[in-house]
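Observations on the model geometry
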Amino acid sequence: MVWQAGVAIGFWRIATSVASARKFHREARLVKDPDWVMELDKVCAAYGTRMTIRLKTCHRVLSPVVVGIARPVILLPASLVTGVSPEVLRAALAHEVAHVVRWDLLINLLQMGTEALLFFNPFVWALNRTVRREREACCDAMASHFCSDPAVYAEALIWWTRNAGGEAVGAAMAISGDGKKSRSGLRDRVMRLLNPGHIPRTPAGWLGAGAVACLVALFFVAAGQGVRFAVKQLTAKERVEMIQRLAAPFMRQIGVYQNPSQERQEMRRFSGTIVDEMGKPVPRAVWRMLPVSNSTTARGETLADGRFEGELPNGLLRFYVTAEEFAFASEIFELTRSSENVSVVLKRGIVYAVRCVDTESRPIHGAEVAISYGWSISEQRSTTDADGLAHFKHQPERWFGELRISAPGYQTARIERFLVRSQTEPPQFALKRTAPFVLTVIDELDGTPLKDVTLRINEAWPNNAGLAWPKWNYTGLRTDAGGQATLDGLDPKVIYGMQAEASIRDETGASFRRGALFRISPGKENSLTLRLPRERRLKLKIINLDVPEKEITVQYGQRTSENGSDSARVTMPIAEGIAEVELRGLRPLPVDIYMLGLWSHSPELSAETTEFTIDYAKIKPPAKVKVVLNLDTGRGGAAPTGSFWLNWALPGKTEAWRGFDVPIKEGKAEFELPGTALFRLNNSTLLGGKIDEKAEYQATTDPTVLTIPVKPAGMIRVKVLEKNGELAQSVFVWGRRKGDSEWDRIEIKNGASPEDAREWYLSKPIEFGGRGYQVVASCWNRFVISQPVRINARNPVSDVILTLPEPRKYEILVVGEDGRPASGISLSTSIFKDGFERIAGDHSLQTDASGRVTLWVGGDEPGERFFLRPESGGYLRAETPVEFSSGKPVVLKNGKRVAGRILDKSTGAGIPGVRLNWTIDNSGVSSPELTTDQEGRFEFVDAPAQQVFLMVRYPHGKEIVGGHKSLYVMPGEDEAAIYFEDAPSQR
C-alpha cells in the first residue's frame, strides 16, 4: 500500500507539471517583435536545428522557460521583457534552445517517472539532482560558446536572478519537477563559466564513492539502460575535458556570436526605416551613426520611404535622428552581424516653455535662451516675448537638458541637468542685473589702439557651482577700430582670468601671434586699459647633435591660464651637429621646451629677443635596453591581467620621474627603457594581482630579465542599469570593505567608453577574504548599494549588476534666517547613509525667484539622509538637512564676514592676484578660492562664527611675515592684515 501510494503521488506530480505547462502555453501571447524573432532564428540557425520553436510571453513565469516536447515554445516573463537588453535576451534564447536540441524535456520526463517508481530510494533523488545540474552546465557551455564570452553569459544569469525574484535563466523547465529555486546553484554555474575547472560541492570520501556506485546501479535497474558515466570527484583538467566532450556533439554546428571587442575593425552594414508613431515613413530625416569606441562616423538623410543605410566598424553604435516637426531620437544598438530592417520611431515631442524674469520677478523681453542635450544634439535657441516666455517645440519628454540664458544688461545664467517634462506652469529663472565692462587694448610701446584682438575667458575665481560664461566667449569677442570691446554678462562677484590674442604679419607676410594673460574684476571696476605686449622672439640653438638624422623636432609651449598651456612643434635642420631656429609670436612669459621625453628647459623672455643654447650631449639619455618582466604568482595563482603603471628616472635625476602604461600578456610584460634607468611598478591598472609598489628595479643588461612576485588579488566588475534595463549614464561608482572603521576606497574605472558610464572595473586590487566589499553607484541624486561581495581564491572575480531607482520629485522652499525666500542661490545636494560617507549629490541646482527648487531624488535605503548646501548668496556653507515628509522650508543660516588685505611689508601697498580661501582645522570644511583685487583686498561672506585658518597661495618670491600664526582670523567686522616680504633667496 505504501509503495502504491508513493507511485500514485509521483505520477500525480508528473500530471500536474504537464497540466501547468499546457496552461502556461494557452495563456501565453505570441511575440511579434521582429528583432526578437530574428534573434531566435539566429540562435536556431547556429545550433543547426530544423525544429520550429515559437517565442511567447507569459505573466506566470519569472524567467525564461521552455515547454512542449513535440512543439516546443520558449516562454518569457511579460513583466521583464520591456527592460531586457539584447545581450541578456540572446543568452536566454541560446540556453533554452540548447535544452530543445538536446531533448532535455523528454529526458527530464523519464527522470520524473523513475523518481515516481523508486521514490523510496534517496540515491535515485540524489542522482537525478546531479544529472539536472550537469544538464544545466552543458546548456550553459553551449550558450556561452554561442555568446563567445563567458562573462557576458554569466552577467545574463545574474541579471535574470536579480530581476526575476531569484529564478535564473534556464533554472526550471515547466515540467522539471524540481521544486527548489536555482539561486543556490547560481554561484556554481557562474564559477564554472568563468573558471571551467571549478568543482561544485559534491559528496566526498568513501561515503561519496559508495553513494555514487549505488546511484549508478539503481539507475540502471530503474531506467532499463545505463548512463554513460558516473559523476565523481574530478580534477580541474578532467572536468573541463568532460564538459567539452559532452557538449561537443551539439557545439560542432554552433555559430559563435562575435563579441564587439573581437571584431572592432570589421565593417558592418546598418540599415532600416525611420517612421513616426503611426508607422508612416519620415523622409529627409537627418541621421548620424557614432560608434562608442571608434572615431569613424556615418551620416545622411532618409529617402522618401524613410529608409537609411550606413556602414560602420563592429561594436556598440549610437544612432541619432533629427527631423522637422519631431523630437530627436537617440538609441544604442549592438552592431555585430549585418543589421537590416531596424525600425526607429520618432515622436512628436512636447512644447516646452521657460520664463525669464529679473530679481524683482518682472519679465525680461528679448533674452536668448539656448537648450541642449549633450554634444551630439544641436543646440536650439529661442527669444523671450513680452511675458518673458521662450518656447521650444518638439522637445523630448523626460530628458535631462541644459539651459543657457543671456540678455543685455543681465548676468548670463546656466542651468544644468533640468528635466524636460509636460507641466502647466513654465519653470521660472531669475537673472541678475550687471553693468557692462569696457576693455581697451593698446600697444605696449606707442599706445595706439589695436583692432581685431580676440578676447576669451580662461578661468574664474572662485569657481562657483553653476557659473556661466557669456556666449561671446565661445566664439571670441574682437576689439573694434578704437581697440575697445564691451564684455557683458559677467558676474560682479567673480574675478575672471582673460586671454588677449592678436595675429600679426611681418615684412615677409608670415603670420605670428602676440598676446597676454590678465584679470578683470567686474565688481570692483567697470573698465580696464590693457597694454598688449609686442611679440617676443627666441633664438634657439642646439649643439653637439651626434645623431644620424638630418633634422630634429622640438616641442615648445607657453602658459595660457593658471592651469592651461598651449604647445607647438618646430622641425630644425641639422648642420655639422648644430640646429638653429627663431621662434616668433611668443608672449613675455617663460617658454617650455620639450626634448627627449622631458620638458627640460624654460628660458625667460624678458627682452624682445632672447638667445638660448641647449647642449644635446648633456641631456641625451643612454641607449635603450629591452626589459622583460615575468610575473610570478606562486603556486596555484592565476596570471593577472590588464596592465600596470611604470615610473622611471635616470640615476641622479630622480626628481624628473616619467611614466607610461605597460600591458600584460600571458603573465609577461615587455618594454624598453634607457640603460641604467631606475623604475617602480604601480598597481593602479593591474587586475587580478598585487605587486610591491615600494620595490625599485634597474635596467642594466640588454635584455634585462626580472621576476616580479605577484600576490593574487581579486576583481569586481560592475554594470549599472536603469529600471527599464538600459545601461545607465553619467554614473559614479565606488566601493569599500564593509564594516571597516576607516575607508578603503576603491576607485572604479570606466571600461567601455570615456563618455558614458557603462561597464566599470575596480582599478585597485582586492584583498582576499574579509567581510566583503560593498559597491555604490550614484547618478546625481540617485544611488544604489550592493550586498557585500566576497572575494577569495575560489571566487576571485565577481560581477555586480546594480539597478538605479526611479527618481521621486520634491519641491522645496529655501529661505533665510529672516524667513524671506532665498532666490537665485546656487545649491549643492548631498545624500548620506548610516555607515557611509556622502554617496550621491548634484552641484547644479538654483532656486527660482520665489526661493523654490525642484529636487529629483532616488533611493529607498533605510538610514538615508538628504542635505542642501548653499554655494553662493552669503549663506553659511553648511549641510542643511531636508525633511521631505514635513513640508517645512529649508532654512539657511547667514554666513559671517572674513575680510582683510594682503600687503607688501616694504612698501605698504596691496598685493593683487593672491589666491586664498578659509578652512576649519581638522574638519574638511572650506570655502571656494578667491583672489585679491588690485588693492590686495579680499572678502568672504560665508564663514562660520568661529576661528578659521586662511590658506594663502604665496606670490612668487614672497613669504609671510610673522609665520603662520597670523593666518588665524575670527569672523567679524574687523579686517585682517597679512604682510608679505621677500623670501631669503630674493633679498
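Criteria and cut-off values
Residues numbered from 1 in each chain as written. Predicted model: local features only at pLDDT ≥ 70, side-chain atom pairs only at ≥ 80, totals over all residues. Heavy atoms only, no water. Helix = DSSP H or I, 4+ residues; strand = E, 2+ residues; numbered from the N terminus. Pairing = 2+ DSSP bridges. Axes fitted to C-alpha atoms, helices over the stretch in contact; angles between N-to-C directions. Expected span 1.5 Å × (residues − 1). Buried < 20%, exposed > 50% of the residue type's maximum accessible area, 1.4 Å probe, protein only. 1 Å grid on protein atoms, 1.4 Å probe; cavity = no way out; pocket = protein on both sides within 12 Å on 5 of 7 lines; lining within 4 Å. Points joined across faces, edges and corners; volume = space filled by probe spheres on them. Nonpolar A, V, L, I, M, F, W, Y, C, P; charged D, E, K, R; others polar. Phe/Tyr/Trp six-rings, centres within 6.5 Å; stacked < 30°, edge-to-face > 60°. Polar contact = N/O pair within 3.5 Å; in protein donor to acceptor, adjacent residues only side chain to side chain. Salt bridge = Lys/Arg side-chain N within 4 Å of Asp/Glu carboxyl O. pLDDT = per-residue confidence, 0-100. Contact = heavy atoms within 4.5 Å. Core = buried A, V, L, I, M, F, W, Y, C linked by side-chain atoms within 4.5 Å. Patch = residues over 30% accessible without salt bridge, like charges linked within 9 Å, V, L, I, M, F, W, Y side chains within 5 Å. Areas by Shrake-Rupley, 256 points an atom, 1.4 Å probe, with all protein chains shown as cover.

Once that is clear, we can look at unusual backbone geometry. The omega torsion across aspartate 702 and proline 703 is 5°, close enough to zero to call that bond cis. Of note, proline 703 is situated in the loop between β40 (697-698) and β41 (704-709). In this structure, glutamate 325 takes a positive phi of about 70° despite not being glycine. With respect to the helices and strands, glutamate 325 occurs in the loop between β9 (315-322) and β10 (329-335).

Judged by pairing direction, the sheet is mixed, and its three strands sit side by side in the order β22-β19-β25 without closing on themselves. Each edge of the open sheet is held by one strand with a lone partner, namely β22 (484-487) and β25 (527-532). Each strand of the sheet is rotated relative to its neighbour by a mean of 25°, with strand direction disregarded. In this structure, strand β19 (residues 437-443) lies alongside β25, joined through six bridges in parallel fashion. For leucine 439, the partnering residue across the bridge sits in β25 and is leucine 528.

What follows is about helix α4 (residues 104-117). Helix length check: α4 (14 residues) gives 20 Å between terminal C-alpha atoms against 20 Å at 1.5 Å per residue, within 8%. Within α4 the residues assigned to the buried category are Asp104, Leu105, Asn108, Gln111, Met112, Gly113, Thr114, Glu115 and Ala116.

It is worth spelling out the sheet that holds strand β59 (residues 915-919) at this point. Strand order in the open sheet made by the four strands is β60-β59-β62-β64, with antiparallel pairing throughout. Bordering the open sheet on either side are β60 (930-931) and β64 (968-969), each of which pairs with just one other strand.

Glancing now at the pairing of strand β27 (residues 551-559). Bridging between β27 and strand β28 (residues 565-575) involves nine bridges; their strand directions are antiparallel. By the bridge assignment, valine 554 is partnered in β28 with valine 570. In terms of strand pairing, β27 meets strand β30 (residues 592-595) through three bridges, oriented antiparallel. Note on β30: the bridge partner recorded for glutamine 555 is tyrosine 594.

Glancing now at empty space enclosed by the protein. All chains considered together, the criterion is met by two cavities of 30 Å³ or more. Taken as a whole, the largest cavity holds about 50 Å³ of empty space. For the largest cavity, the full set of lining residues is Met51, Gly68, Ile69, Pro72, His99, Val100, Trp103 and Leu105. Of the residues assigned to the lining of the largest cavity, the class counts are six nonpolar, two polar and no charged.

Under the definition given, this model contains 14 aromatic pairs. Ring centres of phenylalanine 660 and phenylalanine 671 lie 6.1 Å apart, and the angle between their planes is 70°; on these two criteria the pair is classed as edge-to-face. One end of the pair, phenylalanine 660, is in strand β35 (residues 658-663); the other, phenylalanine 671, is in strand β36 (residues 668-674), with eleven residues separating them in the sequence. Arranged with centres 5.8 Å apart and planes meeting at 85°, the rings of phenylalanine 671 and phenylalanine 679 form a pair that is edge-to-face. Of the residues examined, phenylalanine 679 reaches a relative accessible area of 0% and is grouped as buried. Here a set of aromatic residues connected by ring pairs shows up, and it is made of Phe270, Trp287, Phe308 and Phe319.

Next up on the list: the side chain of arginine 584. Along the chain, the position of arginine 584 falls in strand β29 (residues 578-586). Here glutamate 535 takes part through its side chain, which lies 2.5 Å from a polar atom of the side chain of arginine 584.

Right, let's get into the pattern of salt bridges. A full pass over the atoms with the stated rule returns 27 salt bridges. For glutamate 811, the salt bridge goes to lysine 809, with nearest N and O atoms at 3.7 Å. Since its relative accessible area comes to 35%, lysine 809 is described here as partly exposed. A salt bridge links glutamate 939 to arginine 897; the shortest N-O distance between them is 2.8 Å.

Across the chain, the average pLDDT comes to 77, with 75% of residues at or above 70. In this model residues 165-184 is a low-confidence stretch, pLDDT under 50, and it forms 57 contacts with partners more than four residues away in sequence or in other chains. The low-confidence segment residues 202-209, where pLDDT is below 50, has five contacts with residues more than four positions distant or belonging to other chains.

Take the nonpolar core next. Leu40, Val43, Tyr47, Leu55, Ile74, Leu93 and Val97 are the most contacted members of the largest nonpolar core, which has 30 residues in total. Listed by contribution, the elements that provide at least two residues to this core are α2 (34-47), β4 (73-77), α3 (86-101), α5 (122-147) and α6 (150-163). The biggest single contributor to this core is α3, with nine residues. Ignoring sequence-local partners within four residues, the contact set of isoleucine 74 consists of Leu40, Ile53, Arg54, Leu55, Lys56, Val65, Val66, Leu93, Glu96 and Val97. Core analysis: the next-biggest nonpolar cluster, separate from the first, contains 24 residues, Leu467, Ala502, Ala516 and Leu532 among them.

This next bit is on the environment of alanine 323. Tracing the backbone shows alanine 323 in the loop between β9 and β10. The class for alanine 323 is buried, based on a relative accessible area of 16%. The sequence separation of alanine 323 and tryptophan 287 amounts to 36 residues, and the corresponding C-alpha distance is 8.7 Å. Aside from chain neighbours lying at most four places away, what touches alanine 323 is Val282, Ala285 and Leu346.

Below, the discussion takes up a nonpolar patch on the surface. A grouping of Trp103, Leu106 and Leu110 is seen on the molecular surface, where their side chains present a nonpolar patch of about 310 Å² in accessible area. Tracing the chain through its elements places leucine 110 in helix α4. Among the residues examined, leucine 110 registers a relative accessible area of 56% and is labelled exposed.

Residue placement: proline 426 occurs in the loop between β17 (413-420) and β18 (428-431). Along the primary structure proline 426 and tyrosine 352 are separated by 74 residues, whereas in three dimensions their C-alpha atoms are 7.7 Å apart. Not counting residues up to four positions away in its chain, the partners in contact with proline 426 are Ala353, Val354, Arg355 and Leu389.

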